[in-house]
Amino acid sequence: MIPYKHEPFTDFSLEANYNAYVDALKKVEGYLGEDYPLIIGGERITTEDKIVSYNPAKKTEVIGRVSKANQELAEQAMQAADKTFKTWKKVDSAIRADVLFKAAAIIRRRKHEFSALLTKEAGKPWDEADADTAEAIDFLEYYGRQMLRIKNGQPVESRPGEYNRYNYIPLGVGIVISPWNFPFAIMAGTTVAAIVTGNTVLLKPASTTPVVAYKFIEVLEQAGLPAGVVNYVPGSGAEVGDYLVDHPKTRFISFTGSRDIGLRINQRAATHNDGQIWIKRVIAEMGGKDTIIVDKEADLELAAQSIVKSAFGFSGQKCSACSRVVIVEDVYDTVVSRVEELTKVLTVGDPTDYNNYMATVIDQAAFDKITAYIEIGKGEGRLVVGGTADDSVGYFIQPTVFADVAPSARIMKEEIFGPVVAITKAKDFDEAIDIANDTEYGLTGAVITTNRFNQEKAREDFHVGNLYFNRGCTGAIVGYQPFGGFNMSGTDSKAGGPDYLQLHMQAKTTSEML
Ligand SMILES: NC(=O)c1ccc[n+]([C@@H]2O[C@H](COP(=O)([O-])OP(=O)(O)OC[C@H]3O[C@@H](n4cnc5c(N)ncnc54)[C@H](O)[C@@H]3O)[C@@H](O)[C@H]2O)c1
Ligand SMILES: N[C@@H](CCC=O)C(=O)O
């Protein structure tokens, strides 16, 4: 087994890579508009009722028409997953890990095709789509290896005449509920963490990006995953989501998405229902309001570059995105004006064109919400750049910067989840930390400083799950920067980290007298 190393990103300045992506886009365009069934116990089930997935950059273009589960089908999927658990939990964990390694190899061979599908279905520019696919591969390679590492449990002490063991066993049926913003990496990572540990899964992908999830299940099948281990049940959150969260046979829920839905799931999962013999476990990774702090002793060009990249990569639709900036007053004007220059030259347009840095937001609801926040921002700060939007063809919003915003303003406090960043001034570094911490979230943060004392202060006092120094606050790599946040950002599960798989297992102690 070669040691884990993260999947390299593609250099599209090389002609061969560029051409390969163009070909992949053509391939994906060749299968747009197809129908996709549910997969329950390995059986393909087609329903009349469909979720239609559209291209957010060309809103009349249909990516796929996906069968939609109702409660009856969700129940059927639960029965299939429950039955399959009895056999899957007994499969050697090394064999389960092999399925992940094989799936990674298949995806690596079809890497640009998957990324091109993300470009079309989620509106991801090439580099962002490539990073999403690379992260999906990383999760497969990393969790496969992690399972091999923990498959025999952990060492414990034994007294003379005694043989003690400490092993991990699976939990049962898990409900995996994934978001649209990392429709491949997070969907795949949360699914395979659950199955490599011996559980079976009902996967409910986000309704805006169900096609990439279907393609992933096909890969798992090709990699040898038995029928019924992962059941593909796209459906309405309110109908199917609530039903499955409430179900007495649900053993755990692995959710990634917004704060409000995460809290709803947590609350419902805590309720004991008839026939339920366990306390459901909830992994909930939720929103963020992530801050970059710029100290007065800092590389100011690096600061401006980091802010712009973290705020506008994938149109700011990352839980890790920089949506607030706190700059120490001595360097405030210099950094704001450089952020303005860098933002003004960003290109916005169809993501199939490699020259566009930014594309759309995901759908009409997101467009309406973000543009409403831009209007709020106009009353709360000074509009430096952007502020306009156009949804005639796709959901395009210009990268938008507000300066001179009060720390208490709504655009400094609430998750906007779009290409909007609010900047405020602090009198010194201590105040900058206080402002950064003054949010209910605690996901990512970055500090740009050359002052070692201040860096160490932030390491201790800046209360976020992922803290970065002298770089942006997005782009955690599986196995390198385990990812998850504090407070209302969730349960700090640290996806892509050494403790993640254990969240899907329970430890069993056995003690034998010799
Ligand atoms: N912390 C992280 O690791 C992380 C990663 C990615 C995204 N996010 C967050 O996700 C949000 C964006 O994603 P989104 O818009 O898809 O979030 P969302 O909460 O609207 O939806 C997430 C998933 O929950 C489902 N859902 C909706 N209602 C449900 C219900 N009642 N029961 C069960 N499931 C239900 C949705 O269909 C979707 O599959 C942002 O807040 C972002 O910060 C967090
Ligand atoms: N893990 C990603 C963010 C995932 C949430 O949207 C990052 O580190 O940027």
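Residues numbered from 1 in each chain as written. Chains lettered and ligands numbered in written order. Predicted model: local features only at pLDDT ≥ 70, side-chain atom pairs only at ≥ 80, totals over all residues. Heavy atoms only, no water.

If you look the chain up in an unreviewed UniProt entry, it shows as 1-pyrroline-5-carboxylate dehydrogenase from Lysinibacillus contaminans. For the record of the chain, the UniProt heading Sequence similarities (unreviewed entry) holds the text "Belongs to the aldehyde dehydrogenase family. RocA subfamily." (UniProt positions renumbered as here; feature names shortened; annotations may be inferred.)

(A) Representation of the environment of lysine 215. Structurally, lysine 215 can be placed in helix H7 (residues 210–222). Judged by relative accessible area, lysine 215 falls into the buried class, the value being 8%. Those residues in contact with lysine 215, other than ones at most four positions away along the chain, are Tyr31, Tyr36, Arg110, Phe114 and Leu117. (Helix = DSSP H or I, 4+ residues; strand = E, 2+ residues; numbered from the N terminus. Buried < 20%, exposed > 50% of the residue type's maximum accessible area, 1.4 Å probe, protein only. Contact = heavy atoms within 4.5 Å.)

(B) Representation of the layout of surface pockets in the model. By volume, the second largest pocket amounts to about 270 Å³. What lines the second largest pocket is a set of 16 residues, among which Lys89, Arg96, Tyr168, Ile169 and Pro170 lie closest to the centre. Looking at the lining of the second largest pocket, the elements with two or more residues in it are helix H3 (93–109), strand S6 (162–170) and strand S23 (505–513). Per element, the largest residue contribution to the lining of the second largest pocket is four residues, and it comes from S6. (1 Å grid on protein atoms, 1.4 Å probe; cavity = no way out; pocket = protein on both sides within 12 Å on 5 of 7 lines; lining within 4 Å. Points joined across faces, edges and corners; volume = space filled by probe spheres on them.)

(C) Region of interest: the site of ligand 2. Every residue lining ligand 2 is accounted for by Asn181, Phe182, Lys318, Cys319, Ser320, Thr474, Gly475, Ala476 and Phe483. Here an oxygen atom of ligand 2 sits 2.8 Å away from a polar atom, N or O, in the main chain of cysteine 319. Residue alanine 476 places a main-chain N or O atom 2.8 Å away from an oxygen atom belonging to ligand 2. In isolation ligand 2 has 280 Å² of accessible area, and contact with the protein removes 95% of it. In terms of residue class, the shell around ligand 2 is made up of four nonpolar, four polar and one charged. (Near = heavy atom within 4 Å. Polar contact = N/O pair within 3.5 Å; in protein donor to acceptor, adjacent residues only side chain to side chain. Areas by Shrake-Rupley, 256 points an atom, 1.4 Å probe, with all protein chains shown as cover. Nonpolar A, V, L, I, M, F, W, Y, C, P; charged D, E, K, R; others polar.)

(D) Just the domain arrangement of the chain, in detail. Looking at the chain, the domain boundaries give domain 1 (70–286 + 493–513) and domain 2 (290–477). Relative placement of domain 1 and domain 2: their C-alpha centres are 32 Å apart. Between domain 1 and domain 2, the buried area comes to about 1700 Å², and carbon and sulfur atoms account for 63% of it. On inspection of domain 1 and its partner domain 2, the count reaches two salt bridges. Its salt-bridge partner being lysine 318, residue glutamate 128 comes within 3.0 Å of it at the nearest N-O pair. Where domain 1 touches domain 2, the interface holds seven residue pairs in polar contact (both at pLDDT 80 or more). At the level of secondary structure, the elements contributing two or more residues to the side of domain 1 that touches domain 2 comprise helix H4 (111–121) and helix H5 (126–150). Residue contributions to the side of domain 1 that touches domain 2 peak at five residues, all from H5. Taken together, the residues of the side of domain 1 that touches domain 2 break down into six nonpolar, four polar and nine charged. (Domains from an automatic or database assignment. Buried area = accessible area lost by both parts, 1.4 Å probe. Salt bridge = Lys/Arg side-chain N within 4 Å of Asp/Glu carboxyl O.)

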